[in-house]
Amino acid sequence: LFRQAGDSTAGQFGSGQDELRRALADREFVLFFQPKANMRTGRIFGAEALLRWRRGNGDGVPPPVVLAGIERLGMHHRFNQWLFMTTGRIARELIDAGVDISLSVNISANDLVDVELPDLLEQSLKVWNVEPRRIQIEITETSMVQETETVRTVLHRLRGLGFELAVDDFGTGFSSMSNLKNMPVQEVKIDQSFVRNILNSKRDQEITGSMIRLSHRLGFTVVAEGVESERIAGLLAEMGCDRLQGFLFSPAIAVDAFIAWFKQRAAKIAVGQRTN
């Protein structure tokens, strides 16, 4: 639809805009969920919401391409309204199903200049009667965050409302650490580009270990993304990582499948605890 994210899309925005609007109106956008596990207990405590869009012709569109199109067409505010309301609805669905976890949603550096962002989130929780502790906000593109009065106000309002804040893809931007020290965040997520190679790359091991140690010194909880094997999980445990996310547990799946998966896993853990 938009070729590659970042490429010129001249001549395509007319039909692209119409298709994106129809996708929102017709509920073609859906959220899939990838679980996040506690390193020490193995308990699933949360899940990250990941965007999926399959066009009318059956073709899937990569999320970065979708988001680039939304940004270029000036539909970001409207998309966030859909995202937050959908997340609130699914959070309520999980609560009603007895799935006691939090959901993480991604916002970009550009979103932090929208003074209405905290209001959109608060409204969605009121509509679905969901507590702020059920929603975590993951901030992407942190190297692009400008420390302005507006950004500070938005971040502190989010914290004041009770949302937990996390920095996504940590380590990929040269200014991530300088920005991090001034942001009221509680969690950092180490980018999967470091985690996936730690068994074979001494450099990635050193970088990952250093990020974990430094984050702990600053009082942050650490999540490792892209965990695909028990060996990687074991090495991360030795490094002191707190939480894990990746294919070792599950790929991102639709909410109904996630609920079934969560309950099956919880039942297995309960059986294991009774037999030990």
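Structural notes, computed from the coordinates.

Rules and cut-offs
Residues numbered from 1 in each chain as written. Predicted model: local features only at pLDDT ≥ 70, side-chain atom pairs only at ≥ 80, totals over all residues. Heavy atoms only, no water. Pairing = 2+ DSSP bridges. Helix = DSSP H or I, 4+ residues; strand = E, 2+ residues; numbered from the N terminus. Axes fitted to C-alpha atoms, helices over the stretch in contact; angles between N-to-C directions. Buried < 20%, exposed > 50% of the residue type's maximum accessible area, 1.4 Å probe, protein only. Contact = heavy atoms within 4.5 Å. Polar contact = N/O pair within 3.5 Å; in protein donor to acceptor, adjacent residues only side chain to side chain. Lys, Arg positive; Asp, Glu negative; His and termini not counted. Salt bridge = Lys/Arg side-chain N within 4 Å of Asp/Glu carboxyl O. Parallel < 35°, antiparallel > 145°, perpendicular 65-115°, else oblique. Left-handed = near helix turned anticlockwise from the far one by under 90°. Nonpolar A, V, L, I, M, F, W, Y, C, P; charged D, E, K, R; others polar. Core = buried A, V, L, I, M, F, W, Y, C linked by side-chain atoms within 4.5 Å.

Sheets are built from strands paired through backbone hydrogen bonds, the pairs being either parallel or antiparallel. Taken together, the 8 strands give a closed barrel; going around it, the order is 1-2-3-4-5-6-7-8, and neighbouring strands pair in mixed fashion. Strand-to-strand twist in this sheet, taken as the mean axis angle between neighbours without regard to direction, amounts to 30°. Where strand 4 (residues 135-139) and strand 5 (residues 164-170) come together, 4 bridges link them in parallel fashion. Paired with isoleucine 137 across the bridge in strand 5 is leucine 165.

By the element assignment, glutamine 245 lies in strand 8 (residues 243-245). Classification of glutamine 245 as buried rests on a relative accessible area of 2%. Separated by 207 residues in sequence, glutamine 245 and asparagine 38 place their C-alpha atoms 9.2 Å apart. If sequence neighbours within four positions are ignored, glutamine 245 has contacts with Gln34, Pro35, Lys36, Glu48, Lys189, Val223, Ala224, Glu225, Gly226 and Val227. Reaching out from glutamine 245, the side chain makes a polar contact with the side chain of glutamine 34 at a distance of 3.0 Å.

Let us look at the side chain of aspartate 204. Mapped onto the secondary structure, aspartate 204 falls in helix 8 (residues 202-217). It turns out aspartate 204 is buried and unbridged, and the closest side chain with the opposite charge, arginine 203, is 6.8 Å from it. Excluding anything up to four places from it in sequence, aspartate 204 contacts Ser193, Phe194, Asn197 and Ile198.

A few words on the packing of helix 8 against helix 9 (residues 230-239). The description of two helices packed together rests on the angle between their axes and the distance between the axes. Between helix 8 and helix 9, the shortest axis-to-axis distance is 10 Å and the interhelical angle comes to 45°. What the angle tells us is that helix 8 and helix 9 run oblique. At the point where helix 8 passes helix 9, the crossing takes the right-handed sense. Judged by residue contacts, Gln205, Thr208, Gly209 and Ile212 of helix 8 engage Leu235, Leu236 and Met239 from helix 9. Considered class by class, the residues forming the contact of helix 8 with helix 9 number 4 nonpolar, 3 polar and no charged.

Considering all chains together, one arrives at 14 salt bridges under this definition. The salt bridge partner of glutamate 187 is lysine 36, with a shortest N-O separation of 3.6 Å. Of this pair, glutamate 187 sits in strand 6 (residues 187-190) while lysine 36 sits in strand 1 (residues 29-38), and the two are 151 residues apart along the sequence. Side by side, glutamate 187 and lysine 36 carry an identical accessibility label, which is buried. Residues lysine 126 and glutamate 122 are paired through a salt bridge, measuring 3.9 Å at the closest nitrogen-oxygen approach. A residue pair is termed a helical-turn pair when its members lie 3 or 4 positions apart in one helix, as lysine 126 and glutamate 122 do in helix 4 (residues 117-128) at 4 residues. What makes glutamate 122 partly exposed here is its relative accessible area of 26%. Salt bridges here are not isolated pairs; linked through shared partners, they connect Lys36, Glu48, Glu138, Glu187, Lys189, Glu225 and Arg243.

So, about the packing of helix 4 against helix 5 (residues 149-161). The interhelical angle for the contact between helix 4 and helix 5, taken along N-to-C directions, is 20°, at an axis separation of 9 Å. In terms of axis orientation, helix 4 runs roughly parallel to helix 5. In the packing of helix 4 onto helix 5, the handedness of the crossing is right-handed. Each of Leu117, Pro118, Asp119, Leu121 and Glu122 in helix 4 lies in contact with helix 5, whose residues at this interface are Val154, Arg157, Leu158 and Leu161.

Our next topic: the nonpolar core. Of all hydrophobic cores here, the largest spans 76 residues; its most connected members are Phe29, Phe33, Leu94, Leu103, Leu236, Leu244 and Phe258. Top element by residues in this core is helix 3 (residues 76-96). It accounts for 7 residues. Those residues within four positions of phenylalanine 258 in sequence are excluded, and the remaining contacts are Phe33, Pro35, Ala47, Leu94, Val99, Ile101 and Ile253.

This brings us to the environment of alanine 37. Summarising the element assignment, alanine 37 is placed in strand 1. Judged by relative accessible area, alanine 37 falls into the buried class, the value being 0%. For the pair formed by alanine 37 and phenylalanine 249, sequence separation is 212 residues and the distance between their alpha carbons is 8.1 Å. Those residues in contact with alanine 37 that sit more than four places away from it in its chain are Gly42, Arg43, Ile44, Phe45, Asp242, Arg243, Leu244 and Phe249.

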